[in-house]
Structures are given as C-alpha cells and as structure tokens.
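Observations on the three-dimensional arrangement
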Amino acid sequence: MARQRRSDEYAEFAAARAGHLFRSACLLTAGDTHLAEDLVQETFGRLYVRWGRVSRVENPAAYAQTVLTRAFLAHQRRRSSGERATDAFPELPGAGDGDATLRLTLLDALARLPAKDRAVVVLRYWDDRSVEQTADVLGVSSAAVRTRCSRALGRLRALLGEDLAEYARP
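Summary of the structure given here.

Thresholds applied
- Chains are numbered independently. Their residues run from 1 in the order of the written sequence.
- Where totals are concerned, whole chains, interfaces and linings use all residues; where local detail is concerned, this predicted model gives features only for residues with pLDDT of at least 70, and gives and counts side-chain atom pairs only at 80 or more.
- Neither water nor hydrogens contribute to the side-chain values; these are computed over all heavy atoms in the structure.
- To qualify as a helix, a DSSP run of H or I must reach at least 4 residues; to qualify as a strand, a run of E must reach at least 2; elements of each kind are numbered from the N terminus.
- Helix span, expected: 1.5 Å multiplied by one less than the number of residues in the helix.
- A simple rule labels every residue: compare its accessible area, found with a 1.4 Å probe on the protein chains alone, to the largest value its type can have, and call it buried under 20%, exposed over 50%, or partly exposed in between.
- Directions pointing from the helix axis toward each C-beta atom define the arc.
- Residue contacts are counted whenever heavy atoms from the two residues lie within 4.5 Å of one another.
- Buried residues of nine kinds, namely Ala, Val, Leu, Ile, Met, Phe, Trp, Tyr and Cys, make up a nonpolar core once their side-chain atoms join them within 4.5 Å.

This next bit is on helix α8 (residues 142-160). Given a rise of 1.5 Å per residue, 19 residues ought to cover 27 Å, and the 26 Å separating the end C-alpha atoms of α8 matches this to within 8%. Looking only at α8, the buried set comprises Val 145, Cys 149, Ala 152, Leu 156 and Leu 160. Each buried residue of α8 lies within a common arc of 75° when the element is viewed along its axis, so the set occupies one face. Turned more than 90 degrees off the buried face of α8, the exposed positions are Ser 150, Arg 157 and Ala 158. Contact partners of the buried residues in α8: α5 (100-111), α6 (115-126) and α7 (131-138).

Here it is as structure tokens:
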C-alpha cells in the first residue's frame, strides 16, 4: 500500500515536472533535443531510486533541477572525443510558437559557451535561481558563480551584438 502510494506520488511529480526539465535540458544542451531527452530520463531514473528521501525534501522540483544540471555537467566531462558539434539545430517542440530566428540565434550563442558557463546562465536566468542557490547546485562558491555569470553574459553580448533587437518581434 505504501509502496503504491509512493509510486503514485512519483508518477504525479514526474508528469508535472517533465516539461520544465525538458526545456531546461534543451537550453543546457543548446538545442540537442535527443541529449535533452536522455538527460531528463537519467534525472527521473535517479529521482525514482531515491524518491523516498526526495519526496521529503523542502523543494523536490529544485532537487530535480539540481540532478539534471549535474547530469549535464557529468555528460560534458565524459563526452567522447568522437562527438562533433553541429551548427544545425533540430526543431524544438513548440517551435512554431515564436520567432524561430531568435530562438536559433540564442541557442547558437548558448552552444558557444563552455558547459559550466551555460549551466550558470540557465540556472540563474531560466530557472530563476539566486547566486547562492546556483553555487549550491554546481558545488562552487558564490564568487565563482558571479564570475562565471559575468563572463558568460559578456560572451553572449559579444556573440549576439547590439543587433539582437532585429530578431525580436515588435
């Protein structure tokens, strides 16, 4: 009975968080939807194994985001040298909803950031975490997060230039 209840709670949580985790993973992977799906599946697998403990933490959604980010960084560290980045992005789910040129431009700029800088940008500005929360997820100091954030935003400004407004809809 308790096992079934816990399983139902996990299924409900997974269904509610899947979309947000997938979108976060797409940003972390700079549009690689296949890798994003793999990372989300890995995240849910890790959560399922520890669901008894995870369900009792203050914010299971934040815990899931932390697991996803760490899975992404671990993947970046172990990625084989045979993999090559591409400049062509697959169409993202819901791609017809907005300005495709802007989306692809932003994904391309994110792809050019180092993995840890990309993780900082996604956690701070997509997931709306504080410097301290981001530092906790990444296992670094708050000063390191501020430095990476400043460097990443400067790099994004250099990549996107002042002409970013031409991509945005009026």
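Moving on, we come to the nonpolar core. Ranked by internal contacts, the top residues of the largest apolar core, which has 42 residues, are Val 40, Phe 44, Leu 47, Leu 68 and Leu 138. Going through the elements one at a time, α1 (2-28), α2 (33-49), α3 (51-54), α4 (60-78), α5, α6, α7 and α8 are the ones with two or more residues in this core. Among the elements that take part in this core, α1 stands out by supplying nine residues, more than any other. Aside from chain neighbours lying at most four places away, what touches Leu 47 is Tyr 10, Phe 13, Val 54, Tyr 63, Ala 64 and Val 67.

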